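Structural overview
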2 protein chains.
Amino acid sequence: MKTDVSVSTIKRLPIYLHYLRSLPKEEHATISATQIASALSFGDVQVRKDLASVSDGGKPKVGYEVKDLIARLESYLGVNEENNAVLIGAGRLGQALMHYRGFAEFGLEILAGFDNNPKLFGMQIGSKPILPFSELEAYIAAHGVVMGILTVPAHQAQTVADTLVKLGVRAIWNFSPAHIVVPDTVVVKNENLAASLAVLSKQLQQKK
Amino acid sequence: MKTDVSVSTIKRLPIYLHYLRSLPKEEHATISATQIASALSFGDVQVRKDLASVSDGGKPKVGYEVKDLIARLESYLGVNEENNAVLIGAGRLGQALMHYRGFAEFGLEILAGFDNNPKLFGMQIGSKPILPFSELEAYIAAHGVVMGILTVPAHQAQTVADTLVKLGVRAIWNFSPAHIVVPDTVVVKNENLAASLAVLSKQLQQKK
């Protein structure tokens, strides 16, 4: 098992986990790297290399034990750790993320959304409440929240991030188009849609 | 001006463009790399290197002409090309993206959303209609659509992508959690939120 795993490998691990979990248990006690590669349209070599980060490798002619490989992926990705999150900015994108069911599969639980707009207070989005921003501090303290998801407008992003850090949040997933700065002790992942679009547009331009 | 620009640089170019556009025109005829770096919390060297991909460099003691730099970034990123897009899967995430105003700034226009759910037909999301999936072919042919945005469930993603490719769409921005495969002539950008979350959770785990 490797200790130094690349970000591109880590990004593919949830795809393997999702696929393995989707297999009917009766039919698939074991699976080969070739079968996985074929199902996901990945290369054989890449699959073997990726899975070597979490497993000691499949057995010759048998492959990986599915149950074991799922457990190793889950453990590596920490999906059973139940990271409690709050979401700040319960507008359209925020509400869409609160509804999104795919996160729970990877151990993320969005407990509540927070906003400044009184019209949203008391709303339930997929059984999760939207609460006033003024209640954020008490809520984070009471619920062991480790992650904040930012879906606020760009000009509010840094201020809200500073507040979250001050309240002890240790990870920020930033969907606002602003570039935010946090201390080294906090992890941040910027989900800049405009940046993604720029890459896509550029590739499109180059194909012309 | 460089011809071989890294993906990480391309991802930062929209951030520079957004920032330069936000400056009051009267006050900022020119700007230095140091000023830009300080405003965005980037390193000086990185800013100079990034901007060298689109500009021949600022003048000593004066810096870059803001208007010129904006024009070069716009041209490089192709933001004035008006890439027409359609969105497939007008559920919550799809509607949030249809509402998102930030894309137009980078030349992307989502013209319409398509769905199979009759309850959504005729709805207007930010003045953009939701239309039946059966009308997709005629719509793409009539409106010069170059890009398809996928916000369908995972199990429909590949089929819808195949349809878009067959109808002549040349770029696919995939927000579904499925891994999709397209011909070499088509560009694809996977926006896999579960994968992003995995990276973030892993980093969080490592900080513990």
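In this text, all values refer to a predicted model and were calculated from it rather than measured experimentally.

Regarding the pattern of salt bridges
Any two side chains of opposite charge can pair, given that their charged atoms come close. Residues and elements named next belong to chain B. The tally for this structure, following the rule as stated, stands at ten salt bridges over all chains. A salt bridge links Lys59 to Glu65, with the nearest nitrogen and oxygen atoms 3.4 Å apart. Given a relative accessible area of 43%, Glu65 falls into the partly exposed group.

Thoughts on the relation of the copies chain A and chain B
Relating the two copies of this chain is a rotation about some axis coupled with a shift parallel to it. For the match of chain A to chain B, the screw axis carries a shift of 0.0 Å, the RMSD comes to 0.0 Å, and the turn is 180 degrees. Within this description, the copies of the chain are treated as partners about a two-fold rotation axis. Both copies share a contact surface, since 100% of the interface residues of chain A are interface residues in chain B too.

Quick notes on the sheet that holds strand S5 (residues 124-125) of chain A
All names here are of chain A. Read from one edge to the other, the open sheet built from seven strands follows the order S5-S6-S4-S3-S7-S8-S9, with strand pairing classed as mixed. The sheet is open, and its two edges are formed by S5 and strand S9 (187-190), each paired on a single side. Here strand S7 (residues 147-150) runs beside strand S8 (residues 171-174); their pairing, made up of four bridges, is parallel. Bridging across to S8, Gly148 finds its partner in Ile172.

What about the interface of chain A and chain B?
The extent of an interface is frequently quoted as the accessible surface area lost upon association of the parts. Of the residues lining the interface, 56 residues belong to chain A; the matching set on chain B comes to 56 residues. Surface buried jointly by chain A and chain B totals about 5300 Å² across both partners, of which 69% is contributed by carbon and sulfur atoms. There are four residue pairs in polar contact (both at pLDDT 80 or more) connecting chain A and chain B. Counting only elements with at least two residues in the side of chain A that touches chain B, the list comes to helix H1 (7-22), helix H4 (66-77), helix H5 (92-99), S8, S9 and helix H8 (193-207) of chain A.

A word on the sheet that holds strand S7 (residues 147-150) of chain B
Strand order across the open sheet formed by seven strands is S5-S6-S4-S3-S7-S8-S9 (chain B), with mixed pairing between neighbours. The sheet is open, and its two borders are formed by strand S5 (124-125) and strand S9 (187-190) of chain B, each paired with just one other strand. By the bridge criterion, three bridges tie strand S4 (residues 108-115) of chain B to strand S6 (residues 128-132) of chain B in an arrangement that is parallel. Across the sheet, residue Gly113 of chain B finds its bridge partner in S6 of chain B, namely Ile130 of chain B. Where H8 of chain A meets the sheet, its contacts fall on strand S3 (83-88), S4, S7, strand S8 (171-174) and S9 of chain B, and the angle it forms with S9 of chain B comes to roughly 165 degrees. Those strands touched by helix H7 (residues 154-166) of chain B are S3, S7 and S8 of chain B, and its axis lies near 170 degrees from that of S7 of chain B.

About the thresholds
- Residues numbered from 1 in each chain as written.
- Chains lettered and ligands numbered in written order.
- Predicted model: local features only at pLDDT ≥ 70, side-chain atom pairs only at ≥ 80, totals over all residues.
- Heavy atoms only, no water.
- Salt bridge = Lys/Arg side-chain N within 4 Å of Asp/Glu carboxyl O.
- Buried < 20%, exposed > 50% of the residue type's maximum accessible area, 1.4 Å probe, protein only.
- Least-squares fit on C-alpha atoms with pLDDT ≥ 70 in both.
- Contact = heavy atoms within 4.5 Å.
- Pairing = 2+ DSSP bridges.
- Helix = DSSP H or I, 4+ residues; strand = E, 2+ residues; numbered from the N terminus.
- Buried area = accessible area lost by both parts, 1.4 Å probe.
- Polar contact = N/O pair within 3.5 Å; in protein donor to acceptor, adjacent residues only side chain to side chain.
- Axes fitted to C-alpha atoms, helices over the stretch in contact; angles between N-to-C directions.

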